[in-house]
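# Coordinates in review
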Amino acid sequence: MTTLTTARNTGRSAGEWMPAASLVLHARDGSTRFLEPDDLRAHLAQIREELRQEVASDDSVCLLPNGKAPFERFLLELLAALGLPNPVAVPDDDTSAAIAQLARLGLTAGALGQQRQPRDEPARREVLPRHALLLRTGGTSGRIRYAVNTSMRRTLGRNRRLSLASALGLKDGKRASLAGSIRHAAHLSMLLDALNYDTQVHVFEKPDPAQVLHHIRRDSVQWIVTTPLHLRIMQRQLQDGKGTSDLRTVVHMSAACSTPVKRFWHSTLGAENVYEVFGASEGIGTTVARGDEWEERPGTVGRGFYTSVSVMDSSGRPAAPGELGDVYFKSGTSARPLHVGQRDVVTWTSDGHVSIGDQGRLDTDGYLYLEPRPQLRITVGGTTVLATDIEEALLDVPGIQDVAAAAVSNHVTGQRVVCFVVRDSHDSDAEPNELIPALRRVLPPAAVPRRIIEVEAVPRSPSGKVNRTAISEMAQMYCAADVPRKGEEQ
């Protein structure tokens, strides 16, 4: 059987790759399991052999870990599969449904312990690049599809001088933690990178943002990969005055972080110890902004990490510094399909740069500034406001735990703002719309919500992003009649 490309730092193939780190697995039932490197290596060797027997010599079969297996087994199956030449898909809990879905998309897929069902050959058979990793994406838009990533598996056994984790301050001996779901590209990529270090890595089956600070203190975590949602919640919790224990480095990914939250963590840990990482599930490139770089250039997502970043105008020519255009990345990958299933508009240039539709600007030093995506923009009476700005204003209100803003149609202003809030169980019994007068003092008129609706939870992806499609549908449902209630903004 063929193997993956040769791992640079060991001279062995990535198919023989074994982790140097130990894992601490936190299951959703509260139990904790420690796996030392020798344990990991033994388990991975055994499961890898089981997978080889499952697929025989057919390396076109897409391997899936069993999404319903106990967390330890799921993770071990995933790591073992990534060391084989087959495509690998990361499923949700229902692996059988994922196999059926991939079959409809023209892919043969299988999981350990699940007999492969015979099926008719599809009219169009999907051909994947070697070493492809399929990741469910679309958490912001709600348009779920599979991103085809061909770069993440190169992390296995990579020379650490080329490592993103190294650039983000991870070193041997540090206690690391991934505060988000490893079923999402951002945290899975950092897990694969961290496993090359002689370190202890904490991983969670069902991450709970409200428990991250408790975990940092209890387990003396020094280096953590997290999201802006986690940072916002921890910022509030730090009012107890107990500090952040041994925490020295924060890496935040998956979504834009508001300026007040970012600056709080810069002042708490030192701006040089806080990093923002921007990338895509498709694995087309990465930018990094260290906190002190961001302070000199507020709003930037940084410069390319082994990635060439370009901004092109509508005619395909390089945009001048500061000029808005389409963002293109180039990181050594050749032109290829980036999605299976529902596809987005993807543009490749003749020299290998690729755009997936983001817009932004470059400054004279090559730092990238992203334009907010269309689903975040709400236009009220000709004035455009951002859903994230409205959400930040509401999150500053005591007793508000989570929030999401959306637009609804209005026959006078075109659109109006509706917000959904999750309140602290110890909050007062005040009506949600009683918050509106306070918001008028901090938001421009166009951004003040017409209605604030209390819900039990805001729909979010495993990475912590608000599902904007689901929120929009909720807003249309609640406001279909568009009849104001007592206390609502007219």
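Residues numbered from 1 in each chain as written. Predicted model: local features only at pLDDT ≥ 70, side-chain atom pairs only at ≥ 80, totals over all residues. Heavy atoms only, no water.

## Digging into the confidence of the model for the protein chain
- On average, the protein chain scores 85 in pLDDT, and the residues at 70 or more come to 88%.
- Across residues 1–14, where pLDDT falls below 50, the model places 41 contacts with residues more than four positions away in sequence or in other chains.
- Of the regions scoring below 50 in pLDDT, residues 485–490 engages in 17 contacts with residues more than four places distant in sequence or in other chains. (pLDDT = per-residue confidence, 0-100. Contact = heavy atoms within 4.5 Å.)

## Brief notes about the pairing of strand β9 (residues 200–204)
- The element β9 is extensively covered by neighbouring structure, given that four of its five residues are classed as buried.
- Pairing of strand β1 (residues 22–26) with β9 involves five bridges; the strand directions are parallel. Bridge assignment links histidine 26 to a residue of β9, and that residue is phenylalanine 204.
- Alignment of strand β8 (residues 175–178) against β9, held across three bridges, turns out to be parallel. (Buried < 20%, exposed > 50% of the residue type's maximum accessible area, 1.4 Å probe, protein only. Helix = DSSP H or I, 4+ residues; strand = E, 2+ residues; numbered from the N terminus. Pairing = 2+ DSSP bridges.)

## Here's the deal with the layout of surface pockets
- By volume, the second largest pocket is sized at about 1300 Å³.
- Surrounding the second largest pocket, 43 residues form its lining, Pro207, Asp208, Pro209, Leu229 and Arg460 being those nearest its centre.
- Broken down by secondary-structure element, the contributors of at least two residues to the lining of the second largest pocket are α2 (71–82), α7 (228–237) and β24 (400–410).
- Broken down by element, the lining of the second largest pocket gets its largest block of residues, seven residues, from α7.
- Within the lining of the second largest pocket, the residues separate by chemical class into 18 nonpolar, eleven polar and 14 charged. (1 Å grid on protein atoms, 1.4 Å probe; cavity = no way out; pocket = protein on both sides within 12 Å on 5 of 7 lines; lining within 4 Å. Points joined across faces, edges and corners; volume = space filled by probe spheres on them. Nonpolar A, V, L, I, M, F, W, Y, C, P; charged D, E, K, R; others polar.)

## A closer look at the packing of helix α6 (residues 212–219) against α7
- α7 packs onto α6 with a crossing angle of 70° between their chain directions and a minimal axis gap of 9 Å. Considering the angle they form, α6 stands roughly perpendicular to α7. Where α6 approaches α7, its residues Val212, Leu213 and Ile216 are matched on the opposing element by His230, Met234 and Gln237.
- Considered class by class, the residues forming the contact of α6 with α7 number four nonpolar, two polar and no charged. (Axes fitted to C-alpha atoms, helices over the stretch in contact; angles between N-to-C directions. Parallel < 35°, antiparallel > 145°, perpendicular 65-115°, else oblique.)

## A word on the sheet that holds strand β13 (residues 286–290)
- Judged by pairing direction, the sheet is mixed, and its nine strands sit side by side in the order β2-β1-β9-β8-β10-β11-β12-β13-β14 without closing on themselves. Only two strands of the sheet have a single partner each, and these edge strands are β2 (32–35) and β14 (303–304).
- Across five bridges, strand β12 (residues 274–279) lies against β13 in antiparallel orientation. Its bridge partner being in β13, tyrosine 275 is matched across the sheet by arginine 290.
- Against the sheet, helix α1 (residues 37–55) engages β1 and β2, with an angle of about 90° to β2.
- Those strands touched by α2 are β1, β2 and β9, and its axis lies near 140° from that of β1.

## Regarding the pairing of β24
- In terms of residue burial, β24 counts as a mostly covered element, since nine of its eleven residues are buried.
- In sequence, β24 turns back onto strand β25 (residues 414–423) through a hairpin of three residues.

## Some words on the packing of aromatic side chains
- One pass over the full model with this rule turns up four aromatic pairs.
- Between phenylalanine 264 and tryptophan 265, the ring centres sit 5.4 Å apart and the planes meet at 85°, which makes this aromatic pair edge-to-face.
- Among the residues examined, tryptophan 265 registers a relative accessible area of 1% and is labelled buried.
- Sitting over the face of the ring of phenylalanine 74, arginine 183 holds its NZ or CZ atom 4.1 Å from the ring centroid.
- Across the ring face of tyrosine 367, the terminal group of arginine 297 is positioned such that the distance to the ring centre comes to 3.9 Å. (Phe/Tyr/Trp six-rings, centres within 6.5 Å; stacked < 30°, edge-to-face > 60°. Lys NZ or Arg CZ within 6 Å of the ring centre and 35° of its normal.)

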